[in-house]
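# Overview (structure and organization)
These are the residues of each chain, in order.
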Amino acid sequence: GRGAYIQGYNCQTAVDDAHQIIVAAAVSNQPPDNGNLMPMLEQTVANCGQAPEKMTADSGYWCPEVPAAAEELGTAAYIATETRQERKRNKTVTEGEASAGASPREAMWHKVRTKEGREVYARRKAIVEPVHGQQKEARGFRRFLLRGMGKVEGEFGLVCIGHNLLKLY
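Not measured: the values here are computed from a predicted model.

Helix and strand counts for the protein come out as 8 helices and 4 strands. Along the chain direction, N to C, the helices and strands of the protein fall in the order β-β-α-β-α-β-α-α-α-α-α-α. By the compact-globule yardstick of 15 Å for 169 residues, the protein fits well, its C-alpha radius of gyration being 17 Å. For the protein, the spread of C-alpha atoms along the three principal axes comes to 50 × 40 × 25 Å. Sorting the 169 residues of the protein into buried and exposed places 35% on the buried side.

A cluster of nonpolar side chains, Leu-158, Ile-161 and Leu-165, forms an exposed patch at the surface whose accessible area comes to about 330 Å². Among the structural elements, Ile-161 can be located in helix α8 (residues 149–168).

Now for unusual backbone geometry. One non-glycine residue, Gln-20, lies in the positive phi region at around 60 degrees. In this fold, Gln-20 is placed in the loop between β1 (10–15) and β2 (22–28). Relative accessible area serves as the criterion here: at 14%, Gln-20 is assigned to the buried category.

The contact between helix α7 (residues 129–138) and α8 brings their axes to 11 Å, and the two run at 110 degrees. The angle between α7 and α8 places the two elements in the roughly perpendicular class. Where α7 approaches α8, its residues Val-131, Gln-134 and Gln-135 are matched on the opposing element by Phe-156, Val-159, Cys-160, His-163 and Lys-167. Of the residues contributing to the contact of α7 with α8, the split by class is 4 nonpolar, 3 polar and 1 charged.

What counts as what
- Residues numbered from 1 in each chain as written.
- Predicted model: local features only at pLDDT ≥ 70, side-chain atom pairs only at ≥ 80, totals over all residues.
- Heavy atoms only, no water.
- Helix = DSSP H or I, 4+ residues; strand = E, 2+ residues; numbered from the N terminus.
- Rg over C-alpha atoms; globule rule 2.2 N^0.38 Å.
- Buried < 20%, exposed > 50% of the residue type's maximum accessible area, 1.4 Å probe, protein only.
- Patch = residues over 30% accessible without salt bridge, like charges linked within 9 Å, V, L, I, M, F, W, Y side chains within 5 Å.
- Areas by Shrake-Rupley, 256 points an atom, 1.4 Å probe, with all protein chains shown as cover.
- Salt bridge = Lys/Arg side-chain N within 4 Å of Asp/Glu carboxyl O.
- Axes fitted to C-alpha atoms, helices over the stretch in contact; angles between N-to-C directions.
- Parallel < 35°, antiparallel > 145°, perpendicular 65-115°, else oblique.
- Contact = heavy atoms within 4.5 Å.
- Nonpolar A, V, L, I, M, F, W, Y, C, P; charged D, E, K, R; others polar.

Here it is, written out as structure tokens:
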């Protein structure tokens, strides 16, 4: 009803590019995504025994420390630094490496706009986005039935396990 308090949760998933298997999942009660990328990458390494060669993330995950931290684990990060609308308006294509004095954000902007960066980032919509759509539309998971962080984490874990079992089946 009006004025009712609604507890919100922010769910994160890391998905493999070959079969759309969820390899890491987490729940937060904080709205921004930008602090969640490295924990998801670290969980992926722990769950899979190795770091992925590449990872992509939308602009909500941008954090200046992430590219170097991911590289230390052996993962090349491709993180959008602009919204989808900004990318549509600015069609700049870059080549080579970013200039030596570029900030981490400028370097990532340059990297994502190279031919390879565009190809890698474009795959994101065919890797992780369908998983979210399958959970929401095909399986009807649009809200949590339980309350409290621990219970919500368990519920989301079951949703992810169900997704993976259906993919493997």
